[in-house]
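# Architecture at a glance
Next come the chains, spelled out residue by residue.
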Amino acid sequence: MKLHGSMTIEDKILHIGGVNTLEIANKYSTPLYVLDEELVRKNCRDYVKHFKVKENKNKVAYAGKAFLPIYMCKIINEENLCLDVVSGGELYTAHKANFPMKNIFFHGNNKTTEEIKMGIELGVGKFVVDNFYELDLIESICKEKNTIQEIYFRITPGIEAHTHDYIKTGQIDSKFGFTLVNGDLFNAIKKLDEYNHIKLVGLHAHIGSQIFEIDPYMDEVDIMMDLVKEIKEEYNIEIKEIDLGGGIGVYYTKEDKPKSIKEFCESIIKRAETKCNKIGINIPTLVIEPGRSIVANAGSTLYTIGSIKDIKDVRTYVSVDGGMTDNIRPSLYQAGYECSIVNKMGQKNINQVTVAGKCCESGDILITETNIMDIKTGDILITTSTGAYGYSMASNYNKIPKPAVVSVYNGEEKIICKKQSYENMLELELNS
Ligand SMILES: Cc1ncc(COP(=O)(O)O)c(C=O)c1O
Ligand SMILES: N[C@@H](CCCC[NH3+])C(=O)O
């Protein structure tokens, strides 16, 4: 198992952020999400530095869908990032965290009237408008409130990135955004003539998630810059900001070979400069929206091993006290993970096993095949790189409560999300 961020081994026990993982597993009970705050902050700082947030006034908007407790909003703000939200709930969380509303990008392919009203009332910086329906709604709400809203248009640039089908978004057959090839984007721009309460300032595209190649991003930069030029020439509108979305791939298992944040940012900036010089336009403010690459490797999940079922000559199922309820990604995308036993670090991996969850589904398998050391019931198993789309996609299937999240940093731990209780789960149900 690869050690990420601040992970160290002391006396055969895994520590994260200087905190003994065996001790916190016992203290807070399992399953338990652990957040390596130092690594989150380091990733944020790498983005700010290499994407030239200070020198070029570029922007890095953390994609909150990856993991958005109030505490995370605070870190993101302290580290000078903007925030991308996709729902009233995420917006409300940011509001409760006192996140500056002007630094928020409000996404979503079907924002409701209530969500749009809420965004406008709270003073969200930019709406990333996805379709004609939303455009009309924003205009009518702004008219009613006598205010002007800055927007980006989200476009589908027709780029196919190599990733799982469920997390591709840039191709033409997508539910997101204005399609380029059928002229929808230009029809939307023309529509702006009828509206007095909307100001188009930027364009946005997002080509997918968990992408390792840099080429699709280079194509995306080229397409977007050509559009900036065309929109200026045809419609006399200055597109000042270009948002290239998120999607940068991370390490889950040995098969993954991610680019560094530095390499990714430098490639984007260089390509934008080259392309803009070539076509003779000023370089717009560049925006990116990383989620996974900020938080995935900073999160881990601790479980207690319960049943061990050895089916001779078939396989050994090692069952843990969580599963698809706290990590849906293996079931949904066949995503791979690494694991180890926190109290036996450094021991030889002598067994091949399948790590199974406790849900009533045969597909509730966390790791299909992994080599692991000698194990027994009661050992604490850790899966790494669960920081993105783990807690945020957690469910109460089988009425299993959501685990707590503990942040570890400089030898100290802090619960940032409490464990749900059975009572919490029933709070919204009628009791008669
Ligand atoms: C519009 C948009 N921006 C940003 C992201 C974040 O992507 P990732 O977590 O892969 O960086 C997503 C998710 O895929 C997205 O849909
Ligand atoms: N939830 C997905 C990616 C996010 C897609 C958001 N547009 C994952 O776990 O990989």
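Position numbers for residues start from 1 in each chain and track the written sequence from start to end. Chains carry letters and ligands carry numbers; both start at the beginning, A for chains and 1 for ligands, and go up in the order they are written. For this predicted model, a pLDDT threshold of at least 70 governs which residues receive local features, and a threshold of 80 or more governs which side-chain atom pairs are given and counted, while totals over whole chains, interfaces and linings are taken from all residues. No hydrogens and no water enter the side-chain calculation; it runs on all heavy atoms of the structure.

In the nomenclature of an unreviewed UniProt entry, the protein is known as Diaminopimelate decarboxylase of Romboutsia weinsteinii. Quoted verbatim from the Catalytic activity (unreviewed entry) field of UniProt, the annotation for the protein is "meso-2,6-diaminopimelate + H(+) = L-lysine + CO2". UniProt positions are given in the numbering used here, feature names are shortened, and annotations may be inferred rather than shown by experiment. You can read under Function (unreviewed entry) in the UniProt record for the protein the words "Specifically catalyzes the decarboxylation of meso-diaminopimelate (meso-DAP) to L-lysine."

### A short note on the site of ligand 1
Nearness is defined per residue: one heavy atom within 4 Å of the molecule or strand is enough. By nearness alone, 15 residues border ligand 1, and His-206, Ser-209, Glu-289, Arg-292 and Tyr-389 come closest of all. Any pair of N or O atoms that falls within 3.5 Å is considered a polar contact. Within protein, one atom must be able to donate a hydrogen and the other to accept it, and sequence-neighbouring residues count only if both atoms are side-chain atoms. Within the side chain of His-206, one N or O atom sits 2.8 Å away from an oxygen atom of ligand 1. Contact between ligand 1 and Arg-292: an oxygen atom at 2.8 Å from a main-chain N or O atom of the residue. Accessible areas in this description were obtained via Shrake-Rupley with a 1.4 Å probe; residue shielding takes into account the shown protein chains only. Protein coverage of the free-state accessible area of ligand 1, which is 390 Å², stands at 92%. Each residue is assigned to one class: nonpolar for Ala, Val, Leu, Ile, Met, Phe, Trp, Tyr, Cys and Pro, charged for Asp, Glu, Lys and Arg, and polar for all the others, Gly among them. Of the residues that constitute the shell around ligand 1, the class distribution is 3 nonpolar, 7 polar and 5 charged.

### Section: the pattern of salt bridges
Should a side-chain nitrogen of Lys or Arg be within 4 Å of a carboxyl oxygen of Asp or Glu, the pair is scored as a salt bridge. Applying the stated rule across the entire model yields 21 salt bridges. Note that Lys-42 is salt-bridged to Asp-46, the shortest N-O span being 2.8 Å. Separated by 4 residues within a single helix, Lys-42 and Asp-46 lie in helix α2 (residues 37–50), roughly one turn from each other. For Lys-376, the salt bridge identified is with Asp-379, shortest N-O distance 3.6 Å. Each residue is assigned to one of three classes by its accessible area relative to the maximum for its type, calculated with a 1.4 Å probe on protein chains only: buried under 20%, partly exposed between the two thresholds, exposed over 50%. The buried category is assigned to Asp-379, whose relative accessible area is 1%. Taken together, the salt bridges that share partners define one network made up of Glu-37, Arg-41, Arg-45, Glu-78 and Glu-79. Counting from the N terminus, the helices are DSSP H or I runs at least four residues long and the strands are E runs at least two residues long.

### Some remarks on the sheet that holds strand β2 (residues 13–16)
The strand order across the open sheet built from 3 strands is β1-β2-β3, with neighbouring strands paired in antiparallel fashion. Pairing within the sheet leaves two strands with one partner each, and these edge strands are β1 (8–10) and β3 (19–20). Here a strand pair is declared whenever DSSP counts at least two bridges between the two strands.

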